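If you want the building blocks of each chain, they are given just below.
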Amino acid sequence: SRAIEMKVEEPDAYIYRADAYFRTGNLQAAQADYSQAIAAFPKNPDPYLKRGRIRSRLGNYAGAEQDLRMAAQLDTVSVDAHRELGLLQSEMERYSDATQTYSVVLNKVPNDSLALMERGIAYYMTKQYDLALADFAAITQKYPKADTAFFYNGLIYSAQGDLPAAILEFTSALNINQAFPEALLYRGEARFQIGELRGAIDDYTKVLELEPNNVEVLINRGKARELTGDYVGAFEDLNKAVELAPANSKALTYRCATKVSAGDYVSAIKDCSDALAVSPQYIEAFVQRARAKFYLSDFRGAQRDCDQALNLRPDVGQALFFRGQALIKLGKKNEGCLDLSKAGELGVTEAFEKIMQQCN
């Protein structure tokens, strides 16, 4: 362009030409010209700020941070450099530093919506949930259609275990932006956890309308469909997930679990074994394979798989539940009943029924 081809006769011209290079995407040339401007005007904050942005995009985070700090030092009025520095620190996952930097911005400009949003996210990432909620509340009060703020509120309530409140926040985000796949996904997961399976399936379906090959969502909807007794729909989702990601141990394991529920035990064992070939310490695959072996009357095999799961994590209720039943079938009633008791204490309610039937 004409701006790029002009003759550089004054130091300011380096900045103008660098700006033109930046607009055309020639970051290396822009960086070189901003460096020339800094050499000519070392007390001018503007080229430091702009070179810092470019260095950040190019992955030179240390150089970017150095430039942005210099820009902030030279310009004590504007918050632009601190705002960019906060974004850089968040990109580097230095969220505690980012909260401090955004606070500098907000001390000068209390209603800076970008800084409020980003500080709220940084607070969320450092699990300072009350502070994050306060920032998001300030945003939604000023901008009632700030869907991202409602979404993060939902994430916070989910993390705190208040799933009904989380669902309300995700719904608020979706009332503003219906095509918000993350809000649909997390609302679906919250609904799934509280047993609203139909609602979860609806949310997962809407995500898949936007992202038809999302393997994680196919797995989640398949699991929800299985729990409603819709094995045809569950297999449709899980088969597609395995087709898209043949080495996805979660997809293989949930298809294994669905096959167990449908009574296809031999094929289930193959899926779980394939999952364990990919992820040898995947606890759920051991548990589901143990289920299949138990129903095939391979009680020793079921016990071995449960042992593997419990060696990895001793408090797996389902592993204790099936090992307990397998041990009883193998004539080890005392050991089996002890496992069933532990499973019940861990929330496996079916264990108490088995204790009543087999341990008295």
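Residues numbered from 1 in each chain as written. Predicted model: local features only at pLDDT ≥ 70, side-chain atom pairs only at ≥ 80, totals over all residues. Heavy atoms only, no water.

Pairs can form between side chains of opposite charge whenever their charged atoms are close. Tallied over the entire structure, the rule returns 27 salt bridges. Salt-bridge contacts for R94 lead to D97; the nearest nitrogen and oxygen are separated by 2.9 Å. With relative accessibility at 25%, the residue R94 sits in the partly exposed group. One network of salt bridges, in which partners are shared, links E65, R69, R94 and D97. (Salt bridge = Lys/Arg side-chain N within 4 Å of Asp/Glu carboxyl O. Buried < 20%, exposed > 50% of the residue type's maximum accessible area, 1.4 Å probe, protein only.)

Counted by the stated rule, this structure contains 14 aromatic pairs. Between Y124 and Y129 the ring centres are 6.1 Å apart and the planes differ by 40°, which places this aromatic pair in the tilted class. Taking 6.1 Å as the distance between ring centres and 85° as the angle between the ring planes, the aromatic pair formed by Y295 and F322 counts as edge-to-face. Here F322 lies in helix α20 (residues 317–329) and Y295 lies in helix α18 (residues 283–295), a separation of 27 residues in the sequence. You can call Y295 partly exposed: its relative accessible area is 39%. (Phe/Tyr/Trp six-rings, centres within 6.5 Å; stacked < 30°, edge-to-face > 60°. Helix = DSSP H or I, 4+ residues; strand = E, 2+ residues; numbered from the N terminus.)

So, about the environment of S249. Structurally, S249 can be placed in helix α16 (residues 249–262). Judged by its relative accessible area of 13%, S249 falls in the buried class. Distance from S249 to A275, taken between C-alpha atoms, is 4.3 Å for residues 26 residues apart in sequence. Setting aside chain neighbours within four positions, we find S249 in contact with A275, V278, S279 and Y282. Of note is the side chain of S249, whose polar atom sits 3.0 Å from the side chain of S279. (Contact = heavy atoms within 4.5 Å. Polar contact = N/O pair within 3.5 Å; in protein donor to acceptor, adjacent residues only side chain to side chain.)

Before going further, it helps to spend a moment on the packing of α18 against helix α19 (residues 299–312). Where α18 meets α19, the closest approach of the two axes is 8 Å, and the angle between their N-to-C directions is 165°. Considered as vectors, α18 and α19 are oriented roughly antiparallel to each other. With respect to the hand of their crossing, α18 and α19 are arranged in left-handed fashion. Seen from α18, the contacting residues are I283, F286, V287, R289, A290, K293 and F294; seen from α19, they are F299, G301, A302, D305, C306, Q308, A309 and L312. Classifying every residue of the contact of α18 with α19 by side-chain character gives ten nonpolar, two polar and three charged. (Axes fitted to C-alpha atoms, helices over the stretch in contact; angles between N-to-C directions. Parallel < 35°, antiparallel > 145°, perpendicular 65-115°, else oblique. Left-handed = near helix turned anticlockwise from the far one by under 90°. Nonpolar A, V, L, I, M, F, W, Y, C, P; charged D, E, K, R; others polar.)

In short, the description is geometric, and any link to function would need to be established separately.
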